Amino acid sequence: MEMSVIWRRTVPQLLVAIILVVMTALYFLYIDKTTKATLNYWDQLLINYSIVIAALAAIVGGVDLARYHVALIMKREREQIPFSLITLFLEVVCVVFAFYALATGVPILTQPQFSWIYLNLQVPTSSAMYSILVFYVASAAYRTFRARNPPALLLLIVGVIVMLGNTSLGFVIWPGFTPLKDWIMTVPNAAGYRPIVIGVGLGTIILGLRLILRKEVTWMGRRD
Amino acid sequence: MDGEEGLKMGTSLKRLDTIIGTRQLLYTLLIIFTLIPMFFPLRLPISISARTKKVYNYIDNLKPGSYIFIDFDYDPAGRGEIEPQAVAMMKHLFDKKCKLVMASLGTTGPVMFEIMRKTNPDIFAGKEYGKDWVNIGYVAGGESAAAGLARSISGTVAMDAYGNPIGNLPLIKEADKAEQFALAIVFTTGTDTLYYFVRQWFTPYKTPLILGILGVMGPAAEPFVAAGQAVELMVGQVAGAEYEVLVGRPGIGLGAMDAQSTSHAIILIFIILGNIMFWSVRLRGEKR
């Protein structure tokens, strides 16, 4: 095997496999208190590495975002340019605030300028985007909640009960809507969702096993 | 009814169906009926669900001075649904003289907390920073961050959200590990965060969890309660409004309940009309 392949593929795979085994053992196996106290240092160290890597990944993400939008501007796509410029401008503004915080020691959270931008730009735009969903949901509900057949009728009835159970209007019409909605959510809904949660758990175990056995390579960004 | 009359009726029904089916009509009515109750509140009565009552009783039965960990992890889009829950529950916790440690696994969390704090100053009145409450701020790393904070807050972060060394805060000296917290409350708009806390706080340390989430996340979070991994859920704006009633501090949750009722009513009216049209046409033997 070529040396480059060993460094590029085998070493990272082995590292991931070893860390996975150690972390799994620390989480699931019973270890006596003395051993655990010794291992706790390494456990915490690995977790802290992970946190530092995630924080650095945010910087990589920021740089990548800037590169992507600079490339779009360079392509001179007229329709895209204004959006890319706004994105880049706001990214630069946030970086400036971060450096200002570093230089002055005033935390970014307590900077009134940053709070103003967040409260008057980010919060309303984000809320507006989410609120627009109500129109799509309403339109979709009108079109799909048709009692075409018995299953559709059941969906319609359950949907109406949950909707009314979530409002004061439902309580005014019939106080029983709230407990009935709670029952639907805690019994049939939970029963339906539990297999999904168990499936996710099993999928995670299989992924872990594939990583330990070095069968999973997609996380390295290539298939070789 | 002769054939001509029937044909006319069929045409009228189809025309009515087309008018009702117009998106613009539904959208316009939705806007109008959401705005009207904001300016002219209907003050419809509100029931307290058994679930919200359970959360209230659980917090009410905590020992005074208990340490509570709160994950502030919602984004601005979820503010309308989750902030009412957060404000009402924090008021209750402070009234019970509990000591709160706040952290955020999401980047938007610390800012949302600051907005909440500035817009509800009465909640924090008389409470001393560092002794009664602490804000750690954003901790990167997702599940690793949750695991790290559970093992040791001071071992995971060096400074709080305001630049104070974490070791200088008396509250962190008293409560540094998941085992020391009587309760962890997760206010989040991300389903993944719920898994983080179930796996890293409840499973290894048995720290009780209360999950404050969006309405759309409710179905996905139910299995945690059914399995006993979470004490209870606070789902959507309605839970916040109910809690506001319980703690006797009406806020934006209660204020928006009328709008929620009227907008839901419009959608229901359209669903009923749509079904009437559908069955009228179908019973006439016409294909749709």
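Located above this text is the structure these notes cover.
The following refers to the structure shown. All values reported here derive from a predicted model rather than from experimental measurement.

**Quick word on the overall build of chain B**
Thought 1: Across its full length, chain B holds 13 helices and 6 strands.
Thought 2: On C-alpha atoms alone, chain B measures out to a radius of gyration of 24 Å, which is more than a quarter above the 19 Å that the 2.2 N^0.38 rule sets for 288 residues.
Thought 3: Taken along its principal axes, the extent of the C-alpha atoms in chain B is 90 × 35 × 35 Å.
Thought 4: Of all 288 residues assigned to chain B, the portion counted as buried reaches 58%.
Thought 5: Put simply, 74% of the contacts in chain B that link residues at least 6 apart link residues at least 24 apart.
Thought 6: Summed over its atoms, the accessible surface of chain B is roughly 11,700 Å², and 59% of this surface lies on carbon and sulfur atoms.

**Overview of the interface of chain A and chain B**
In many reports, interface size means the accessible area that the parts give up when they come together.
Thought 1: In this assembly, 53 residues from chain A lie in contact with 70 residues from chain B.
Thought 2: Summed over both sides, the interface between chain A and chain B buries roughly 5,200 Å², with carbon and sulfur atoms accounting for 67% of that surface.
Thought 3: Summed over the shared surface of chain A and chain B, the number is 1 salt bridge.
Thought 4: In this structure, the salt-bridge partner of A:D43 is B:R151, at a minimum N-O distance of 2.5 Å.

**Observations concerning the pattern of salt bridges**
Residues and elements named next belong to chain B.
Thought 1: Summed over all chains, the structure comprises 13 salt bridges over all chains.
Thought 2: Residue E143 is joined to R199 by a salt bridge in which the shortest nitrogen-to-oxygen separation is 2.8 Å. Taken as a pair, E143 in helix α7 (residues 143–151) and R199 in helix α10 (residues 191–205) lie far apart in primary sequence, 56 residues in all.
Thought 3: Several salt bridges share partner residues, and in doing so they unite R51, K54, E222 and E232 into one network.

**What about unusual backbone geometry?**
Residue and element names in this part refer to chain B.
Thought 1: For R43, which is not glycine, the phi torsion reads 55° and is therefore positive.
Thought 2: Assignment of secondary structure puts R43 in the loop between α2 (23–39) and α3 (50–60).
Thought 3: According to the relative accessible area criterion, R43 is exposed, its value standing at 68%.
Thought 4: At K97, a position not held by glycine, the phi torsion is positive, near 65°.
Thought 5: Relative to the assigned elements, K97 resides in the loop between α4 (79–95) and β2 (99–104).

**A short note on the sheet that holds strand β6 (residues 232–235) of chain B**
Residues and elements named next belong to chain B.
Thought 1: The strand order across the open sheet formed by 6 strands is β3-β2-β1-β4-β5-β6, and the pairing between neighbours is parallel. Every other strand in the sheet has two partners, leaving β3 (133–138) and β6 as the edge strands with one partner each. Recorded for the sheet is a direction-independent mean angle of 15° between the axes of neighbouring strands.
Thought 2: The pairing of strand β4 (residues 183–188) with strand β5 (residues 209–213) spans 4 bridges and is classified as parallel.

**Let's talk about the pairing of β6(B)**
Residues and elements named next belong to chain B.
Thought 1: Of the two faces of β6, the one lined by E232 and M234 and the one lined by L233 and V235 are each fully buried.
Thought 2: Across 4 bridges, the pairing between β5 and β6 is parallel. When the sheet's bridge partners are listed, I210 is paired in β6 with E232.
Thought 3: Crossover handedness for the path β5 to helix α11 (residues 218–226) to β6: right-handed.

**Here we look at the nonpolar core**
Thought 1: In this structure, B:F69, B:I70, B:F72, B:M90, B:L100, B:I136 and B:W201 are the most contacted members of the largest nonpolar core, which totals 88 residues.
Thought 2: One finds A:F135, A:L156, B:I20 and B:I271 within the second-largest nonpolar core, a separate group that totals 22 residues.

**A word on the side chain of A:S115**
Thought 1: Residue position: A:S115 is located in helix α4 (residues 112–144).
Thought 2: A relative accessible area of 18% means that A:S115 is categorised as buried.
Thought 3: Setting aside chain neighbours within four positions, we find A:S115 in contact with A:L109 and B:K118.

**Observations concerning the side chain of A:H69**
Residue and element names in this part refer to chain A.
Thought 1: Within the secondary structure layout, H69 lies in helix α2 (residues 33–74).
Thought 2: According to the relative accessible area criterion, H69 is buried, its value standing at 9%.
Thought 3: Ignoring anything within four residues of it in the chain, the contact list for H69 reads Q80, S84, T87 and L88.

**Side note on the packing of aromatic side chains**
Thought 1: Under the definition given, this model contains 23 aromatic pairs over all chains.
Thought 2: Taking the centre distance of 5.8 Å and the plane angle of 45° together, the rings of A:F114 and A:Y118 count as tilted. Of this pair, A:F114 and A:Y118 both sit in helix α4, separated by 4 residues, roughly a single helical turn. Here A:F114 and A:Y118 have matching classes, each one buried.
Thought 3: Judged by centre distance (6.0 Å) and plane angle (50°), the ring pair of B:F181 and B:W201 falls under tilted. Here B:F181, found in the loop between α9 (170–174) and β4, pairs with B:W201, found in helix α10; they are 20 residues apart in sequence, far enough to count as distant. Each member of the pair B:F181 and B:W201 is classed as buried.

About the thresholds
- Residues numbered from 1 in each chain as written.
- Chains lettered and ligands numbered in written order.
- Predicted model: local features only at pLDDT ≥ 70, side-chain atom pairs only at ≥ 80, totals over all residues.
- Heavy atoms only, no water.
- Helix = DSSP H or I, 4+ residues; strand = E, 2+ residues; numbered from the N terminus.
- Rg over C-alpha atoms; globule rule 2.2 N^0.38 Å.
- Buried < 20%, exposed > 50% of the residue type's maximum accessible area, 1.4 Å probe, protein only.
- Contact = heavy atoms within 4.5 Å.
- Areas by Shrake-Rupley, 256 points an atom, 1.4 Å probe, with all protein chains shown as cover.
- Buried area = accessible area lost by both parts, 1.4 Å probe.
- Salt bridge = Lys/Arg side-chain N within 4 Å of Asp/Glu carboxyl O.
- Pairing = 2+ DSSP bridges.
- Axes fitted to C-alpha atoms, helices over the stretch in contact; angles between N-to-C directions.
- Right-handed = clockwise from strand over helix to strand, strands pointing away.
- Core = buried A, V, L, I, M, F, W, Y, C linked by side-chain atoms within 4.5 Å.
- Phe/Tyr/Trp six-rings, centres within 6.5 Å; stacked < 30°, edge-to-face > 60°.

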